[in-house]
Amino acid sequence: MNFEPEMHDTNAIPSSPTGSPVFRVQVCASRPEMIALAALLEASDGRCRCTVSCDVDEFRGRLLEDRCEVLLVAEEDLDRSLAEDVRRLQPHGSMVVAAPTVDVDGLRRAMQYGATDFLSGPMSAEEVESRIEGAARRSRERTEHEERMHRLRNLSRRLEAGHRPPAEVDPAVDAEASPESPAEEACPPAPAEGDADQVRRLDEVAMCSEFRTLIRQELDVEDLLRTALEYLLVKTGPTNAAVYLAGGDESFGLGAYVNCDLPRKSVEPMLQRLCDEACPAVAEHVDVLRFEDAMDFVKECDLGSEVSTDLEMVAVPCHHDGECFAVMFLFRDSEQGFEDETAQVLGALRAILAEQLATLIRVHNRLENAWPEEPADEDADEDLGWDDLAA
């Protein structure tokens, strides 16, 4: 059961003498089924180079020693500690979990720990090879993507360095060095506006790539919101923030709250009004909004004398495929305020957050505790809400 979409084959993959791609696989062969899988991979005409560990401790030790594309572990061996070690020591590797049988809880647990595929039941050698190669190609894709982003960031820094004004030069020294040169020629021309826009676009591309890579690892709603908000606050600076998740009946529920200087209890009436009144209205917009009447809104909430009404507030609707999945509100004292660049950052990242939320919803709807006896009809899709995710 593959947990990730198919990736395009754009990697320059090393080849074996026969011309077939070669992938490196680390196998934790602590269970009989893992020994069988390792044997199948070893017989794959040299396309998979397996490193086999006899137990989990040996497998952990090899995580740091050998770089690989795929890490194959048994479901019974997988826990949070091992998953964190894999993520930290093999950040680009694809973890594949295997078990003789599979149930809904096992699938959910594997996904939460970052597995990209789950092998179960009797499988042919061709199918095992195909699934492992698919995971390896996704790993290569992530590595190549990060390398491209690294090159873009380096290019952006070089462009910025080339446009920085030079250090001040002593006029007497400068005149002595080139007495015939006009004073104006000593000053470099201002950077072209197009170059500045190019640098800004490169920075935005790198930021979006970094954010997407970060939150794609989160398959739990609470972890996703926590990771996303931590990243956003680095870009926006300290602020109070509330994220409301859309429900199946066009309602919203508070999914997360970040307290900068206003504890949640002190602004609870305002949070409730934002949920009931503001979210449905904001969801109909496609732009990042700044509240012109934030002070009046806060006064009407009657939060008490300990909460200043002089707040600046920004609303961020998060849409994917024409549907609003979340609404974010950021608010802080107007003396700090929000810069214009903040709107650009939020506008670039909100679609990525909505896309990952949509992915989690699809996963949630697939992993019901009881398998349907017959295919659901089109009318049944209206009942597949996700109100529980907004709790």
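This text goes with the structure placed above it.
Along each chain, the written sequence defines residue order, and numbers are assigned to residues from 1. For a predicted model such as this one, the threshold for reporting local features is a pLDDT of at least 70, and the threshold for listing and counting side-chain atom pairs is 80 or more; totals across whole chains, interfaces and linings nevertheless cover every residue. To get the side-chain values, take all heavy atoms of the structure and skip hydrogens and water.

**As for the sheet that holds strand 5 (residues 117-120)**
Backbone hydrogen bonds hold the strands of a sheet together, and the pairing may be parallel or antiparallel.
(1) Moving on: What makes two strands pair is DSSP finding at least two bridges between them. We count a stretch as a helix when DSSP gives it H or I for four or more residues in a row; a strand needs E for two or more, and each element gets its number in order from the N terminus. Taking strand neighbours across the sheet as the criterion, the 5 strands line up as 2-1-3-4-5 in an open arrangement whose pairing is parallel. The open sheet has two edge strands, strand 2 (48-53) and strand 5, and neither has a second partner. Direction aside, the axes of adjacent strands within the sheet are offset by 25° on average.
(2) Moving on: We call two residues in contact whenever any of their non-hydrogen atoms come within 4.5 Å of each other. Note on geometry: axes are C-alpha line fits, over the in-contact stretch for helices, and angles between N-to-C directions span 0 to 180 degrees. The sheet strands contacting helix 1 (residues 32-42) are strand 1 (23-28), strand 2, strand 3 (70-74), strand 4 (94-99) and strand 5, and the helix crosses strand 3 at an angle near 150°.

**Topic: the pairing of strand 4**
(1) Moving on: Only protein chains enter the calculation, and the probe is 1.4 Å; a residue is then buried if its accessible area is under 20% of its type maximum, exposed if over 50%, and partly exposed in between. Most of strand 4 sits inside the fold, with 6 of its 6 residues counted as buried.
(2) Moving on: Where strand 3 lies against strand 4, 5 bridges are found, and the strand directions are parallel. Bridge pairing links A74 to A98 in strand 4.
(3) Moving on: Look down the strands so they point away from you; if going from the first strand over the helix to the second traces a clockwise path, that crossover is right-handed. Running through helix 3 (residues 80-89), the crossover from strand 3 to the neighbouring parallel element strand 4 is right-handed.
(4) Moving on: As judged from the 4 bridges shared by strand 4 and strand 5, these two strands associate in the parallel manner. What sits directly across from A98, in strand 5, is L119.
(5) Moving on: Note that the unit made of strand 4, helix 4 (residues 104-112) and strand 5 has a crossover that is right-handed.

**Let's talk about the packing of helix 2 (residues 56-65) against helix 3**
(1) Moving on: Where helix 2 meets helix 3, the axes come as close as 9 Å, and the angle between the chain directions of the two elements is 20°. Comparing the axis directions of helix 2 and helix 3 gives the class roughly parallel. In this structure, helix 2 meets helix 3 at a crossing whose hand is left-handed. In this structure, helix 2 uses V56, F59, R60, L63 and L64 to contact helix 3, whose residues at the interface are S81, L82, D85, V86 and L89.
(2) Moving on: Three residue categories are used. Nonpolar comprises Ala, Val, Leu, Ile, Met, Phe, Trp, Tyr, Cys and Pro, charged comprises Asp, Glu, Lys and Arg, and polar comprises the others, including Gly. Taken together, the residues of the contact of helix 2 with helix 3 break down into 7 nonpolar, 1 polar and 2 charged. Here the angle decides the label: under 35 degrees means roughly parallel, over 145 means roughly antiparallel, 65 to 115 means roughly perpendicular, and every other value means oblique. By definition, any crossing whose near helix is turned counterclockwise from its far helix by less than a right angle is left-handed, and any crossing with a clockwise turn is right-handed.

**As for the pattern of salt bridges**
(1) Moving on: The rule for a salt bridge is simple: a side-chain nitrogen of Lys or Arg has to be within 4 Å of a carboxyl oxygen of Asp or Glu. Summed over all chains, the structure comprises 16 salt bridges.
(2) Moving on: Here R24 makes a salt bridge to E69, at a shortest N to O gap of 2.4 Å. Of this pair, R24 sits in strand 1 while E69 sits in the loop between helix 2 and strand 3, and the two are 45 residues apart along the sequence.
(3) Moving on: Among the residues examined, R24 registers a relative accessible area of 32% and is labelled partly exposed.
(4) Moving on: Among the ionic pairs, E127 bridges to R131, the shortest N-O distance being 3.2 Å. Of this pair, E127 and R131 both sit in helix 5 (residues 125-163), 4 residues apart, roughly one helical turn.
(5) Moving on: One continuous salt-bridge network, built from bridges that share partners, spans R24, E69 and R140.

**With respect to the side chain of Q356**
(1) Moving on: Structurally, the position occupied by Q356 is in helix 11 (residues 340-366).
(2) Moving on: For Q356, a relative accessible area of 8% puts it in the buried group.

**Focus on the pairing of strand 3**
Every other side chain in a regular strand lies on the same face of the sheet, so the side chains alternate between the two faces.
(1) Moving on: Within strand 3, 5 of the 5 residues are buried, leaving the element largely enclosed by the surrounding structure.
(2) Moving on: Covered by surrounding structure in strand 3 are V70, L72 and A74 together with L71 and V73, the residues of both alternating faces.
(3) Moving on: By the bridge criterion, 3 bridges tie strand 1 to strand 3 in an arrangement that is parallel. Its bridge partner being in strand 3, V25 is matched across the sheet by V70.

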